[in-house]
Structures are given as C-alpha cells and as structure tokens.
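# Notes for the structure review
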Amino acid sequence: MTWLLWRQHRLQAAIAAAAYAAFLVAVLLTGWHMADIYHSALVTCRANGTCDELNLFQGYGAIVDVVNLTAAVPLLIGLFWGVTSVGREMDTGTHVLAWTQSVTRRRWLAGKIGLLMAAAAVWGAAVTVAVTWWSKTPNSYYADRFDPGKFMIQGIVPVGYALFAAALGLAAGAVIRRTLPALAVTVVGYVAAQVTVSNWIRPHLAAPLVSDVPFDQQNAVPSGSWLLRQDIVLHGKAITSALSLPAQCAPDRGGNVRQCLADLGYRYVVHYQPASRYWPFQWVEFTGFVALAAVLVTVAWFSVLRRDA
Amino acid sequence: MNEHAVETSGLGKRFGSRWALRDCSLNVPEGRICGLIGANGAGKTTLLRMLVGLSRPSAGEVKIFGQPPSDTEPFVRDVGYLAQEIPLYRRWTVADHLTFGARLNPDWDDDATRERLYRLRIPFEQRVGTLSGGQRTQVALALALGKKPRLLLLDEPVAALDPLARREFLATLTAAVADGNLTVILSSHLVTDLERVCDHVVVLNAAQLVIGGGLDQMLASHYLLTGPSRDLGALERDHTLLRAERTPRQVKAWVRLDGPLHDPTWEVTELDLEEIVLAYMGQSSPAPAVAEVVS
Amino acid sequence: MLRFHLSVHSNVPAYVQVVQQVRQALLSGALRPGDQLPTVKEVVTELAINPNTVLKAYRELEREGLVEGRQGVGTFALRRPDGPPPGVQAALGRSLARWVAKAQEAGLDETDMESLLHATVRASVQARTA
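Residues numbered from 1 in each chain as written. Chains lettered and ligands numbered in written order. Predicted model: local features only at pLDDT ≥ 70, side-chain atom pairs only at ≥ 80, totals over all residues. Heavy atoms only, no water.

The next point concerns the nonpolar core. Of all hydrophobic cores here, the largest spans 165 residues; its most connected members are A:Leu4, B:Ile185 and B:Leu186. The dominant element in this core, judged by the number of residues it contributes, is helix 8 (residues 157-176) of chain A, at 13 residues. Excluding anything up to four places from it in sequence, A:Leu4 contacts A:Ala98, A:Trp108, B:Tyr89, B:Trp92, B:Phe100 and B:Leu104. The next biggest cluster of nonpolar side chains, apart from the first, holds 23 residues, and it includes C:Leu6, C:Val44, C:Tyr58 and C:Leu66. (Core = buried A, V, L, I, M, F, W, Y, C linked by side-chain atoms within 4.5 Å. Buried < 20%, exposed > 50% of the residue type's maximum accessible area, 1.4 Å probe, protein only. Helix = DSSP H or I, 4+ residues; strand = E, 2+ residues; numbered from the N terminus. Contact = heavy atoms within 4.5 Å.)

A few words on the arrangement of the chains. The interface with the highest contact count, out of two pairs of chains in contact, is the one between chains A and B. Over all C-alpha pairs, chain A and chain C never come within contact, reaching a minimum spacing of 25 Å.

Glancing now at the layout of surface pockets. Taken as a whole, the largest pocket holds about 1,700 Å³ of empty space. Around the largest pocket, the lining comprises 39 residues; the ones closest to its centre are C:Val12, C:Gln20, C:Glu114, C:Leu117 and C:His118. At the level of secondary structure, the elements contributing two or more residues to the lining of the largest pocket comprise strand 13 (267-270) of chain B together with helix 1 (14-28), helix 4 (86-106) and helix 5 (110-129) of chain C. Among the elements that line the lining of the largest pocket, the one with the most residues is helix 5 of chain C, at 10 residues. Considering only residue class, the lining of the largest pocket consists of 15 nonpolar, 16 polar and eight charged. For the second largest pocket, the calculated volume is near 1,200 Å³. Lining the second largest pocket we find 38 residues, and of these A:Leu11, A:Gln12, A:Phe80, A:Thr84 and A:Arg88 sit closest to its centre. (1 Å grid on protein atoms, 1.4 Å probe; cavity = no way out; pocket = protein on both sides within 12 Å on 5 of 7 lines; lining within 4 Å. Points joined across faces, edges and corners; volume = space filled by probe spheres on them. Nonpolar A, V, L, I, M, F, W, Y, C, P; charged D, E, K, R; others polar.)

Quick look at the pairing of strand 11 (residues 240-246) of chain B now. Here strand 11 of chain B pairs with strand 12 (residues 250-256) of chain B via six bridges, running antiparallel. Looking across to strand 12 of chain B, one finds that B:Arg246 is bridged to B:Val251. (Pairing = 2+ DSSP bridges.)

Residue and element names in this part refer to chain A. Interhelical geometry of helix 3 (residues 73-92) versus helix 5 (residues 105-134) gives an angle of 170 degrees and a closest axis separation of 11 Å. Between helix 3 and helix 5, the angle is such that the two are roughly antiparallel. In this structure, helix 3 uses Val 73, Ile 77, Trp 81, Gly 82, Ser 85, Val 86 and Glu 89 to contact helix 5, whose residues at the interface are Trp 108, Leu 109, Lys 112, Leu 116, Ala 119, Ala 120, Trp 123, Gly 124 and Val 127. Of the residues in the contact of helix 3 with helix 5, the class split is 11 nonpolar, three polar and two charged. (Axes fitted to C-alpha atoms, helices over the stretch in contact; angles between N-to-C directions. Parallel < 35°, antiparallel > 145°, perpendicular 65-115°, else oblique.)

Let's shift gears to the domain arrangement of chain A. All names here are of chain A. Examined at the domain level, chain A breaks down into domain 1 (27-54 + 65-206 + 278-305) and domain 2 (209-275). Domain 1 puts 10 residues into the contact, and the matching count from domain 2 is eight residues. Of the roughly 720 Å² buried between domain 1 and domain 2 on both sides combined, carbon and sulfur atoms contribute 58%. Contact with domain 2 buries area across many residues of domain 1, yet Ala 143, Phe 146 and Pro 203 alone supply 60% of it, more than any other trio. Taken together, the connections running from domain 1 to domain 2 amount to zero salt bridges. Linking domain 1 with domain 2 are three residue pairs in polar contact (both at pLDDT 80 or more), by the criterion used here. (Domains from an automatic or database assignment. Buried area = accessible area lost by both parts, 1.4 Å probe. Salt bridge = Lys/Arg side-chain N within 4 Å of Asp/Glu carboxyl O. Polar contact = N/O pair within 3.5 Å; in protein donor to acceptor, adjacent residues only side chain to side chain.)

This is how it looks when you write it as structure tokens:
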C-alpha cells in the first residue's frame with residue numbers, strides 16, 4: 001500500500017517540492033532585505049523624529065502579491081490533492097483495480113486519507129511558516145496582521161484551512177465520484193466557508209470592544225487591532241451619507257473645526273478587536289476548521305465504505 | 001470439495017423502482033468455467049458486481065466458498081475481478097502494473113505472470129494507455145490471475161477484441177484453469193466462444209435467471225422436435241416447451257425433455273448452445289426457471 | 001508433436017473429436033506406442049477449450065486401453081487401435097482426397113461435403129444392419 005501511494009503521488013510531491021523551493025528562496029531573500037531596510041530606516045527616523053512619514057517598500061509589489069496569493073494554497077491543495085485522491089480514482093474506475101488486488105477497501109481508504117491529511121498539514125505549515133517569518137517586517141510597519149487578508153495567511157489558521165480544503169475535496173470526490181463536479185463543489189464550498197467566517201463569524205468570536213470619543217479626540221485603539229467599523233455618530237445615530245459641514249463650523253469662521261463639531265455632539269465611534277486577541281482568535285479559528293475537516297473525513301469514509309462501489 | 005464456489009439464493013438488486021436482477025438462485029461448483037449469457041441489460045454485470053462485493057444485494061443471499069462477500073483480507077485475496085472497462089492506470093507501464101501486483105498481493109506469482117505476458121509479446125516498458133485493446137485485456141487478466149485467486153469473475157472481457165486476441169485470451173484463461181484451483185465465471189453475449197470454453201452455463205434474460213447448470217447436461221436435455229402438424233398438449237404436459245413454429249404441414253418444437261420422449265413420430269435434432277439460448281430468449285414469458293439441471 | 005484441431009460447428013462433441021484425432025494418429029503411425037501425448041495444458045493453450053474436455057477425452061482413451069496416464073508424468077500411448085494397416089489407411093485417405101477435389105469442382109463447400117458424407121455413412125450403416 002505504501003508503494004502504491006508513493007507511485008501514485010510521487011509526481012505531485014515533486015512538483016510541490018519544486019514550487020516550494022522556489023517560493024522559499026524568494027521569501028528568504030526579500031524577507032532579509034526588507035528587515036534590513038526597515039531596521040536602518042527606524043534608526044534614521046528615530047534620530048530625526050520623522051517616523052510618522054516613513055514610506056518604505058515601494059518596489060516590493062511583486063513579492064507582496066505572491067505572499068498574498070498564498071491565500072489560495074489551501075484551495076489548491078483541496079483541488080489538486082483532495083479531489084484527485086479518491087474522487088478521480090472512482091471516476092476512472094481504478095479503485096476497483098486496487099480493491100481486487102488483495103487490498104481491503106478499509107486499508108486503501110485509510111492509507112489515502114492518512115497521506116492526504118499529512119501532506120496538507122505539512123505543506124500548509126511549510127508555506128505559513130515562510131509567510132509568517134517574512135511578514136514580521138510588514139507587520140511591524142503596517143500593523144495590519146489582524147486584517148482579514150493578512151490574518152488568513154499567517155499564524156496557525158492556514159494549516160487549518162489546508163486540512164479543511166483537503167477534507168472538502170476528499171468528501172466531494174467520495175460522494176460525487178465525478179472529477180469535474182467535485183472540483184466545482186470544492187471551490188464553491190471553500191470560498192463560501194472563507195467568506196462566511198471572515199465576514200460573519202470571526203468578527204463576533206468575542207464581543208468587539210468599542211471606543212466612543214468626541215470628534216476632536218483620537219480613539220484609543222491599540223496598534224495592530226482589527227477595525228470592524230468606524231462611524232461618525234451624532235446623538236447616538238451614525239451618519240451614513242456624506243457629512244455636510246454645518247455652517248457654524250466652517251473653516252473660514254476661524255477656530256478649530258474638530259473642536260466645533262465635538263461641541264455640537266459629533267463623536268467618533270470605533271468597533272474593534274484588540275491586538276491582544278490575535279492569537280486566541282487564530283487558535284479558535286484553527287480548531288473550528290480542523291473540526292470541520294474531521295466531519296468531512298467521516299463523511300468521505302462512510303460514503304466510500306457503505307455505498308456500492 | 002463440499003462447498004460450491006458460488007451459491008446464490010433469491011438474489012436481487014433494485015435501483016429505485018427498477019429491478020436489475022430478480023430472484024436469482026444458482027450454484028457453480030468449484031473448478032468449473034461458467035459462462036454467464038444474456039443480452040445487454042439482462043443483469044450480468046449486476047450479478048457479477050454482487051458476487052465480488054462491489055454492490056450490496058437488495059434481496060436474497062450470496063455465498064462465495066460458503067461465506068458472504070466481505071471487506072476482509074481472505075475474501076479479497078480469493079476473488080479476482082475484471083470489470084468491463086478494464087481499469088488500469090493509463091500512464092503506468094506494464095512493468096509498473098507488475099510491481100503493483102507484487103506489492104499488493106501476498107500470493108503473487110511473479111515468474112508465471114511475466115512469462116505469460118512475455119509469451120504474448122507484450123512490451124513491458126510501454127505505457128498501458130498506448131497498448132491495443134487486446135493487449136490491455138491481457139495485462140488486466142495477468143494481474144487478475146497473478147494473485148492466484150480461487151474465483152475469477154470476468155465481465156464481457158472479450159467483447160471488444162478481434163478474433164485472434166479473443167483466442168489468445170481464452171487460451172490464457174483455460175491454461176490457468178488447467179493448472180488447478182481456479183473457478184471462472186465469465187459473462188458474454190457471444191455464445192460461440194463460451195460453448196468451447198465453458199462446462200457450466202447460466203442464462204439471464206430480462207433480469208431473471210432462465211436456466212443454469214452443467215453444459216453437457218444442458219446439451220443432452222434440449223432438442224428440436226420436428227414432425228407433422230399436431231396439438232402440442234401432450235408435449236407441454238410431459239416436458240417443457242420453449243418455443244414452437246408452425247407451418248401448415250409441419251410443427252417445430254424446441255423443448256427441454258424432462259423425461260424420456262415416448263412419441264416416435266418426432267424427428268429429434270440436437271441443439272447447440274446458441275440455439276438453446278435463443279429458444280429461451282425468444283419466449284414471450286419465461287418458462288419456470290431451473291436452478292440446477294442435474295449435474 | 002501431435003497437434004489437435006477442433007471443428008466447432010460439427011455435431012460431434014469436442015471430446016469425441018479429440019478421441020478421434022488421437023485414434024487417427026495412432027492408426028496412421030503419427031503417434032507410436034510409448035510416445036507422450038500433449039499435456040492437458042498444452043492442448044488447452046493451443047485450442048482454447050475447457051480442460052475438462054481434454055481430461056474426458058484422455059479418460060475415454062484410457063478406458064479403451066489405447067493410452068495410459070502416469071501420475072505426475074503425463075499420458076502415454078499404449079497400443080495401436082484395431083483397424084486397417086497404415087498403407088490401407090493412407091490409400092483410403094488419397095481416394096477420399098480425390099472425391100473432395102471433385103466435390104469442390106462441383107461447387108460444394110465444406111459444410112455440404114460434411115453433410116453428404118455424414119448422410120452417406122448413416123445410410124450405408126442402416127443398409128448394412130437392415
């Protein structure tokens with residue numbers, strides 16, 4: 001069985017290894033360089049007091065894009081490894097060949113699932129380790145690691161996503177048993193899960209904190225927090241249309257515009273998740289996706305073993 | 001050898017409201033080559049898949065060497081199967097498939113398998129997807145035989161082969177049976193091949209078993225009776241009438257004799273297997289099925 | 001090496017054809033007492049027929065005392081069956097070949113010839129016993 005798994009998947013393994021090697025080289029080189037630039041810039045700006053006006057990393061668009069694109073890695077794992085693992089074999093009928101060669105269905109399926117999950121975890125972890133290391137510098141500079149686009153490619157959640165996507169592809173293939181529909185279901189399912197979690201679940205994993213201050217003050221939101229909403233509020237109601245400046249606060253009247261609006265009752269209200277919650281949120285989301293993966297693996301297991309071949 | 005290789009009783013399979021096979025009871029003794037005959041859609045593939053355990057019965061039972069099919073090592077070792085589509089890994093070479101067989105089967109006979117393919121002049125280093133239909137079938141058969149099963153089930157293995165490839169396939173198969181310890185069930189809608197190779201026959205028609213039993217006994221009990229036109233009541237009472245054809249002067253009756261024929265005015269002609277099968281299939285309603293012609 | 005052939009459309013059962021061909025070989029001298037007959041596996045590989053058919057034929061020949069099966073070794077010819085000496089056999093074969101040529105010229109095919117031969121043999125046997 002080990003031989004069979006290796007022989008069937010050795011090409012995939014080689015391609016993945018080659019792609020990762022190239023990716024790792026790019027990440028290492030740019031990461032070191034960016035850290036260097038940032039460090040020297042900090043030394044200079046602290047001496048000059050110009051740290052608020054730093055404008056770094058202008059030419060690094062390409063690597064930034066590549067790193068952002070690693071958000072697609074779990075989905076690719078689900079499509080290229082998850083669906084082909086069982087679904088494509090059942091589509092082409094070669095599972096019957098293995099099953100009539102003295103290998104029980106159970107052993108065959110356990111081997112396939114084991115390899116798939118291990119590969120998804122390893123590959124997901126390898127990519128996220130590289131991305132998280134590389135992101136140390138941008139995280140310090142932009143303080144945006146809690147933002148959805150960055151949250152999903154760093155830390156521990158990408159490993160959870162990889163396991164989930166692999167299990168989703170596996171289950172889709174095991175239930176549908178046709179490659180193309182299974183691929184479609186995996187794409188739709190994965191994107192739907194990500195969108196749902198990002199927009200409706202993660203923001204409410206813990207009750208967001210609120211910072212409610214008069215218009216002329218700064219909200220006390222710690223650096224690196226995730227801003228969920230920012231509203232201008234007047235008498236308890238948020239202003240949704242364009243703010244028209246009341247006549248008495250016009251700049252040509254002299255005096256501080258902000259102070260004037262504050263006196264009229266305008267306030268800034270910010271809903272946010274504080275930066276301190278970053279790791280707890282990572283772990284909760286990771287656990288949730290791993291649990292989903294376990295459910296999907298069970299579905300695949302029973303679909304293959306209990307139904308007619 | 002007390003147990004039959006295959007024993008089914010009341011076996012049936014339903015897909016939704018449609019029965020693909022119904023009330024099938026048959027016995028195939030060990031060591032036989034059994035031909036499973038029927039038109040497309042008669043239920044042959046449905047029956048074979050239930051025997052292998054790929055499909056679960058909706059009714060009735062199946063026993064293979066005394067045990068129902070199960071997802072266990074002993075069963076999957078004992079039973080080999082060749083599906084109609086001949087599933088092979090298209091991008092693998094023939095040699096890859098042989099390694100596959102050796103690694104997955106504890107009882108793999110590597111020398112015999114290599115020799116078999118070598119004698120058929122099948123190139124080992126060629127990708128299976130580029131082989132001809134006949135060569136692919138031989139590779140699949142070699143894989144199925146190499147693991148030394150006790151029962152081998154073949155679903156229309158020669159349907160897409162030219163006559164030479166068919167001959168080579170059947171020769172390989174019968175030689176393997178000659179080695180001993182192998183029972184074969186092969187399905188086909190071409191009866192002539194089966195007659196020379198099989199010693200046991202099962203005929204399916206419209207999802208039902210029509211007749212099953214030893215070939216010799218079947219040939220010895222089915223005849224074409226020709227004679228002057230007359231009433232067939234007596235014939236129908238004493239024997240089983242399968243089909244009758246009348247002309248103004250003459251009547252022809254295809255019968256299964258369930259006892260000695262007393263009427264000497266009949267001219268008796270022997271029937272070959274194809275004619276017997278056609279007589280059964282041509283009936284508008286099936287005669288009561290005979291699960292075992294005395295063997 | 002003795003080679004068999006099988007005529008599928010003949011009314012004669014397969015095992016009987018094998019028996020007949022062995023007898024012919026013994027009569028004509030192609031197979032001599034002491035020679036080994038092809039193994040069941042060899043015959044089956046050549047003809048693609050059921051092994052039991054060959055076994056049945058060899059058992060029948062053994063019953064007639066023409067061959068002997070030796071466990072683990074093979075089947076061996078024992079004696080020549082009763083029949084005309086090889087020369088007569090060959091002469092009859094030649095005259096039959098002349099008849100076949102004439103029949104072919106007249107337009108008969110293999111099946112027609114076989115039916116005619118069969119009917120003639122049957123009629124002659126009936127006439128003899130009448």
